[in-house]
Amino acid sequence: MPDTARKILKEVFGYNEFKPLQAEIIQNILEKNDTLVIMPTGGGKSLCYQIPALIFDGLTVVISPLISLMKDQVEQLAALNAPAVFLNSTLSQEAYSRNVNRVRSGQAKLLYVAPETLFTTRTQALLAMLQVDCLTIDEAHCISEWGHDFRPEYRKLVDVRKKFPNAVCVALTATATPQVQEDIKQNLGFKDAGHFLASFNRENLFIRVVPKINPVDQAIEFLREFPEKSGIIYCFSRRQVENLAETLASSGFSVRPYHAGLPDIERKQNQELFIRDNIQIIVATVAFGMGINKPNVRFVLHYDLPKNIEGYYQEIGRAGRDGLRAECMLLFGYGDISKIRFIISQKEEQEQRLATKLLNAILRYAETDACRRKNFLTYFGETYEKANCGMCDNCLSLNRQQTDITVPAQMFLSCVKRTGERFGANHIIDVLRGSKSQRVLNFRHSQLSTYGIGKDYTKKQWFHLSRQFLQKGLLKQDPEFGGLLLSDKAAGVLRDGEKVSGKIEEDLGKIQVSKAELKDYDVELFQVLKKKRKHLADQADVPPYVIFSDRSLIEMASCFPQSNASLLQIHGVGQAKLDKYGKGFLSSISGYCHRKGIKENMPKPAVARSVQNPAAATPRSTQAAELLNQGRSLQEIMKIMNVQEPTVIDYLGRYVLNGNTISAEMKQMLLKQSKLPENIQRKAFDAFVRLGTERLKPVFLDLTETASYDELKILRLVFLSENRPEETKKNPGT
Ligand code: ADP
Ligand code: ZN
């Protein structure tokens, strides 16, 4: 990798490291080898051709089918002072000529064009006069009939290629199927092309499937976990979109609909409002999302069952492009299956077979008890080695043992009965938990004997339980009104005390939205910086993320940079952005810090990437480790740092997980602190070997609760400093 590329990464884009495969891809392009890049959304495809474009002497032509995306890319590049322009049919005559002149004079290094513009004689004549060093084809799957978005005009690209024999050709797509990949290579006449296939695993997406019981309430409950965050809700039909958007709006959410049936202007406007953070939520059909580059989408909710895994994967892929944790939830109702089956039945026979196959695959995904991530990665032909991804609903509850849930079952069933078998789970749970909601009071359900008897379980736990009662056939759902009905089996439980076993959801707590966003940042300063960003963005008429990503702001709000040099260390701050926005942001930060008496807190360079990786070492963690290395006891460190023991252990964990070691004396000291008898310690180490270190619960259970979590955390620290397997790097939490 030439140093130039790395330098551009830092100085122009403000990033410290390449994402997986980027360096290799850039190298290959610079050597002028044709290159096929297959990366999931958010994988960082654009940088792969943008950096070579800035290095090549001549022009890089980027062919992109999506006009909105083109504009977005050019705006983002402009914010970085990277010279790029676009040509398409939306430009005024004047703007068009201006852009042509910039290309002709060699000022622009990147030219984005729509295919139809590329084929015009005007554009061809322009390009014929220039040195074209690279032809980039974005969304290259459009060339394949097997892709989900075939565009016949893409087939003509091979002719364009021939006119520029000296230009290297780069094709990029997020479509994972091998057939499409082969098609791309063949159609573009790639011979010994470099073929770069990135993993389709998006580690920062938490994925879950929840039975659809009371979808409106479930959606609202979900949305409440994301105040002021951006997200997308996908629905099956246009009508559904309109209804849900209206319901949510009347519940006070900042939301707009999007579907192909809306007038063009309204649709575009709603999309723009979303991208610019003027509204929080977009409720949409699958028509929404192509060409959306918004990096800070924090959640994607599938209100209805998607038709196939490819589509589903693309849709959830729009969450968390910035690499921070994002939540994807699918509401899975059996009613949806019949809707899709009906649509399939209207198709030609051959299409029916394919569509059924695709539907079955998504059903297997939705119904699996095993890791969801593994399920769809396998579908895409990838092998996923980890036994537990730690970021899907099943992996978080896999190790939970079946317990006796007869008592909660009796409570729930009897409450269903006493309320007349007319209500959904939400209402039943409200009654069980003694809610004073108007609805409960209106129906006089506060006077029932089951009112308030279920306070021991959280609402979430009750939902999870009710899901199991449905699955076990103790309850049925009224097909017409959706209320819960008792089945014959329920009588056995209620009357004869038949045992029910199942799982009680560990309270996974809040949807843990902010967990990966590093607890250590100053939320108030973040809000200040967000406001500043919004103001600047509106002034420049661009989306806020063109100025800075959320991640950049979060880092600022955690490190409090007070000088140009410090600001340059922040993720996403390169020279151009420093020149443009540095002063403004620095003055906001300084003003805030001055008022609050906060000092700059920049990490040492080696640990600068604290936000990116939730487990990364922070200045505090290094401080804790240094104190320990000086021979201080945990108690002393607690006192010096003014934190509790678990926090110290967490700090030390981060330190060790980031490849640092602790000395033998320290280990001895830690072992002594753990107070556990040696045989139990040995058992714990043995359990770590067998069960991994990612989660403590399995080890805790394995030791039949002879060691507490806090003690296990200390032992894990010792264990990890000796054995540091790759896959235990990520998760120091429980
Ligand atoms: P894709 O086109 O593959 O969906 P993008 O090119 O839009 O992905 O990149 C996704 C996000 O990742 C963008 O916000 C981009 O700025 C960011 N990004 C790209 N490369 C890096 C890198 N090396 N380090 C940090 N962030 C990066
Ligand atoms: Zn999993």
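Now for a quick tour of the structure. (Residues numbered from 1 in each chain as written. Chains lettered and ligands numbered in written order. Predicted model: local features only at pLDDT ≥ 70, side-chain atom pairs only at ≥ 80, totals over all residues. Heavy atoms only, no water.)

Around the zinc ion (ligand 2), the protein supplies Cys371 (SG), Cys389 (SG), Cys392 (SG) and Cys395 (SG) as donor atoms, at distances of 2.3 to 2.4 Å. One way to put it: the 4 donor atoms around the zinc ion (ligand 2) meet at angles of 102 to 120°, and that makes the site tetrahedral. All donors to the zinc ion (ligand 2) come from one chain, and their sequence spacing reads C-x17-C-x2-C-x2-C. Just as Cys389 is buried, Cys392 falls in that class too. (Donors = N, O, S within 2.8 Å, 3.2 Å for Na, K, Ca; no water. Tetrahedral: all angles 85-135°; square planar, octahedral: opposite > 155°, others 65-115°. Buried < 20%, exposed > 50% of the residue type's maximum accessible area, 1.4 Å probe, protein only.)

Strand order in the open sheet formed by 7 strands is S3-S4-S2-S5-S6-S1-S7, and the pairing between neighbours is parallel. The open sheet has two edge strands, strand S3 (84-87) and strand S7 (194-197), and neither has a second partner. The average angle at which neighbouring strand axes cross in this sheet is 15°, direction not considered. One ladder, built from 5 bridges, connects strand S2 (residues 59-63) with strand S5 (residues 132-137); its direction is parallel. Following the sheet pairing, Val61 is matched in S5 by Leu135. (Pairing = 2+ DSSP bridges. Helix = DSSP H or I, 4+ residues; strand = E, 2+ residues; numbered from the N terminus. Axes fitted to C-alpha atoms, helices over the stretch in contact; angles between N-to-C directions.)

Each regular strand carries side chains that alternate between the two faces of the sheet. Within S5, 6 of the 6 residues are buried, leaving the element largely enclosed by the surrounding structure. Direction of pairing for S5 relative to strand S6 (residues 168-173): parallel, over a ladder of 4 bridges. Directly across from Thr136, in S6, lies its bridge partner Val170.

Attention now moves to the pairing of strand S8 (residues 205-211). By the criterion of burial, S8 is predominantly enclosed, with 7 of the 7 residues buried. Neither face of S8 is left uncovered, since the one carrying Leu205, Ile207, Val209 and Pro211 and the one carrying Phe206, Arg208 and Val210 both have all their residues buried. The sheet contact formed by S8 and strand S13 (residues 326-332) spans 7 bridges and is parallel. For Arg208, the partnering residue across the bridge sits in S13 and is Met329.

Moving on to the sheet that holds strand S11 (residues 281-284). Spatial ordering of the open sheet is given by S8-S13-S12-S9-S11-S10, a layout of 6 strands whose pairing is parallel. The open sheet has two edge strands with one neighbour each: S8 and strand S10 (255-258). Averaged over neighbouring strand pairs, the angle between their axes works out to 15° when direction is ignored. Contacting strand S9 (230-234), S10 and S11, helix H11 (residues 238-250) runs over the sheet at an angle of about 175° to S10. With respect to the sheet, helix H15 (residues 349-367) is in contact with S8 and S13, its orientation differing from that of S13 by roughly 110°. (Contact = heavy atoms within 4.5 Å.)

Counted under the stated rule, the structure contains 21 aromatic pairs. Judged by centre distance (4.8 Å) and plane angle (70°), the ring pair of Tyr258 and Phe288 falls under edge-to-face. Of the two residues, Tyr258 sits in strand S10 while Phe288 sits in the loop between S11 and strand S12 (297-302), which places them 30 residues apart along the sequence. Judged by its relative accessible area of 0%, Phe288 is buried. Aromatic ring contacts, followed pair by pair, group Phe200, Tyr312, Tyr313, Tyr365, Phe376, Tyr379 and Phe380 into a single cluster. Here the guanidinium or amino end of Arg372 rests over the ring plane of Tyr365, the centre of that ring lying 5.9 Å away. (Phe/Tyr/Trp six-rings, centres within 6.5 Å; stacked < 30°, edge-to-face > 60°. Lys NZ or Arg CZ within 6 Å of the ring centre and 35° of its normal.)

Take it as geometry only, folks, not as evidence of what the structure does.
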